[in-house]
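Commentary on secondary and tertiary structure
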Amino acid sequence: MKKLLYFPEGYPDEDFRSIVYRYHIRSDNIGIKESRKELFNMSSNSLGHLPRNLQFFLSKLPYGSKVLVEDIFDHTWFPLLKPFITKERLSIINNDIMNGTNMYSNYAGKLMSSRNVSIFSNEIRYCLECMKTDDEKYGECYVHLQHQLAFINFCHQHNSKLLVRCPKCGKNFFKKKDLHLTVTPCCTNTYEKIDETLDIQFKKTLLSEFVFFKEHAKLMSNDTLYQKIIIILGIKGYISFSGMIDRSRIIDDFLKFYENKILESVGFDKDIVFSKSSSGRLLNQSEMVNYILFYFLLIIFLTGSIKNFIEHSEVFSITLPFGSGPWNCYNPICPCFEQKPIQRCERKKNGDNFIGLFLCPVCGFKYSREWKKGTTQENNNYSVKSRGYLWMSKVYELYGTGYKCPEIAKIVKADTETVRRYLNKVKNSQSDFIQSLMRSTGQDLNKSFSLYETYTEVAATKIKEDTFEVREKYRKRILELKRSKIDLKRMDAHKELRKEYLWLLANDADWFNRVLPPMDLTKIDYSKLDEEMKYKIKVAAKKVYSSNPARRIGKHLIINVLDEKEKNRILAYLSKLPKTKQILESHIESIDDYQVRNVPYIVSKLKSYGYKNITFNSIRDYNKTYRKCKEETIKRIEKVLEELTRDN
């Protein structure tokens, strides 16, 4: 393989695309495509944010060259991206960067062109003063990496606007097609200094945080980054004792910390990021790379700076109520009484405390224990819920052979009253059958009736009895509450007697609906609500269209922008809100409009795959939904393609 005779070293903060282009203009190659082929064995005219087929490039470097992969990555934003990418996906992207030659599997390009990773500019921007300084110092100007972050529209060193074309002659500083970058200023320009406003100061701070993270996160993995964020959230009180992350409170506090103006200035759309469809993906480890800007803002909110975050060394752990087991069985007649046969614990939240339910798999003994917040010592106090089938079987057997309650109590190691209470339940439930069964020794029973089957029948009867008792008890409480509040509403009953309310609604609905009929919806002023919701839908639709979503804009995409209360009201009463319904339907995007709007995105995807001259046929072959386009739609698409070509 023929070695390169020369490859330029990178300047401070130089974008790797700029280094490649400076090689190109020093070579004898006519077009950038030829240089790309020579350097990376790639046939495309374009250069992405991340290089591909680096292994080929490294093998071509001049003898004695000590350029490492890390040196190349320092001239990209890849070190910043890495900790946000899962191990599995990172392995694929690394392989594509090092060995990728197939234009149809450009994983590195797909990562950078994703709409979600919107932290990089689609255009290459220049600072006029930097161009002048670089030209005087190095004899040429180059692309500065830090100028290519999407939220930075000014040079942090000179407070001057970043530009894509010369303000005097109008010449584009770069061209996407047949890649052209500016290495010599075309005109003598004086830059326009911008005012040092609060949002400018915040952007500078955020840029410095990005740079600090890029320089110090090279050894940080997706696991360590995510775990560190979770630890700090736990220390800050955003994780409950059940291990659940309180996303709602995080979002509320986040929005109190940052002013709307500040968030908007850096391109953070809270309505999209915190919408119902997106908020569930936040703090999901596999989705981190899609919300990089959010995580930077979150880290600053939690710790003050990236430096504080990286240096943070506190440990957070949630005490597991009742430990991790195994646990004791407290039934004295259980074969495993002095052992720990219970492997599972059912934990139920009780305010800030927990109730633990434990069931022995050997004897059926069931008990509960309480765990209080802040408890440091193990509390073994327990409350018996069920003595279990082994204990009950023994009691029935002894009673059937003529033993008295005090004698039975000594054998099964329980108090006499407990034994008497269980036997009374049996007598009252199935007196004739059970009484005769208990008086027998068990040897005179028909072989088809085992002691276990006997217990099953008794247990079933007990469940029916318990259900009846619960129903009557809960009915009584609801009636007492209704007597104390003449105009009792369902909402009030739900607040004061939530457990009884939900149980009766599920198990005794007929009685419940008679006593507490559903709300009278006729009291709602639908005319007033219609006017209010009509305006809300207009605003929501405007937000959705301005966000340029990847999906076709339908009614649910618009409704989801509303808050939960507004959304529920529209979904519940839409048939009674004619104006709202009309406005909503009028904002639903037609298939033809969506296909036209989506053209720039498809074009960018095709270019990332190496396509050069993109036509409607290219789009149709790439996306089958375009195969049934109307003639008028095809003309609109071709017009968009002409505009995109002209802009490039």
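As shown above, the structure is provided for reference.
Here is what the cut-offs are and how they apply
- Residues numbered from 1 in each chain as written.
- Predicted model: local features only at pLDDT ≥ 70, side-chain atom pairs only at ≥ 80, totals over all residues.
- Heavy atoms only, no water.
- Helix = DSSP H or I, 4+ residues; strand = E, 2+ residues; numbered from the N terminus.
- Buried < 20%, exposed > 50% of the residue type's maximum accessible area, 1.4 Å probe, protein only.
- Contact = heavy atoms within 4.5 Å.
- Areas by Shrake-Rupley, 256 points an atom, 1.4 Å probe, with all protein chains shown as cover.
- Phe/Tyr/Trp six-rings, centres within 6.5 Å; stacked < 30°, edge-to-face > 60°.
- Patch = residues over 30% accessible without salt bridge, like charges linked within 9 Å, V, L, I, M, F, W, Y side chains within 5 Å.
- Salt bridge = Lys/Arg side-chain N within 4 Å of Asp/Glu carboxyl O.
- Lys, Arg positive; Asp, Glu negative; His and termini not counted.
- Charge placed at Lys NZ, Arg CZ, Asp CG, Glu CD.
- Expected span 1.5 Å × (residues − 1).
- Axes fitted to C-alpha atoms, helices over the stretch in contact; angles between N-to-C directions.
- Parallel < 35°, antiparallel > 145°, perpendicular 65-115°, else oblique.
- Nonpolar A, V, L, I, M, F, W, Y, C, P; charged D, E, K, R; others polar.
- Pairing = 2+ DSSP bridges.

Focus on the overall build of the chain
Looking only at helices and strands, the chain features 32 helices and 8 strands. Buried residues in the chain amount to 44% of all 648 residues. A separation threshold of at least 6 residues defines the contact pool for the chain, and within that pool the share at least 24 residues apart is 61%. Total accessible area on the chain is roughly 36,100 Å²; 50% of this is exposed by carbon and sulfur atoms.

Comments concerning the packing of aromatic side chains
Under the defined criterion, the tally for this structure stands at 36 aromatic pairs. Seen in terms of ring centroids, Phe254 and Phe274 are 5.5 Å apart; in terms of plane orientation they differ by 90°. Their pairing is edge-to-face. A residue pair is termed long-range when its members are at least 10 positions apart, and Phe254 in helix H11 (residues 247-257) and Phe274 in the loop between helix H13 (270-273) and helix H14 (276-279) qualify at 20 residues. The same class applies to Phe254 as to Phe274, namely buried.

A short note on a negative patch on the surface
On the surface, a cluster of negative charge is contributed by Glu631, Glu638, Glu642 and Glu643. Looking at the secondary structure, you find Glu631 in helix H32 (residues 631-647).

Focus on the pattern of salt bridges
Going through the model one piece at a time under the given rule, you end up with 23 salt bridges. The residue Asp246 makes a salt bridge to Arg249 at a minimum N-O spacing of 3.7 Å. When its relative accessible area of 34% is taken as the criterion, Asp246 is described as partly exposed. For Arg249, a relative accessible area of 32% gives the class partly exposed. Taking the shortest distance from any N to any O, the salt bridge between Lys348 and Glu346 comes out at 3.8 Å.

Quick notes on helix H15 (residues 292-303)
With 12 residues, H15 should reach 16 Å at 1.5 Å per residue; the first-to-last C-alpha distance of 16 Å fits that figure. Taken as a whole, H15 has its buried residues at Ile292, Leu293, Phe294, Tyr295, Phe296, Leu297, Leu298, Ile299, Ile300, Phe301, Leu302 and Thr303. Packed against the buried residues of H15 are helix H5 (78-81), helix H9 (198-216), helix H10 (222-235), H11, helix H12 (260-265) and helix H16 (306-311). Looking one or two residues beyond H15, the residue adopting positive phi is Gly304, at roughly 95°.

Digging into H10
The terminal C-alpha atoms of H10, which comprises 14 residues, lie 20 Å apart, in line with the 20 Å expected from a rise of 1.5 Å per residue. Downstream of H10 by one or two residues, Gly237 has phi in the positive range, about 90°.

Looking at the packing of helix H1 (residues 16-26) against helix H2 (residues 32-40)
Between H1 and H2, whose axes approach to 10 Å, the crossing angle comes to 105°. By the angle class used here, H1 and H2 are roughly perpendicular. Only Ile32, Ser35, Glu38, Leu39 and Phe40 of H2 make contact with H1, whose side of the interface consists of Phe16, Val20, Tyr21, Tyr23 and His24. Split into classes, the residues belonging to the contact of H1 with H2 amount to 7 nonpolar, 2 polar and 1 charged.

Some thoughts on the sheet that holds strand E8 (residues 383-386)
Read across the open sheet, the 4 strands follow the order E5-E6-E7-E8; overall the sheet is antiparallel. Strand pairing shows two members of the sheet lacking a second neighbour, strand E5 (346-350) and E8, which therefore form its edges. Here the average twist between neighbouring strands, direction ignored, is 25°. Pairing of strand E7 (residues 366-371) with E8 involves 3 bridges; the strand directions are antiparallel. Bridging from a neighbouring strand, Tyr367 pairs with Val384 of E8.

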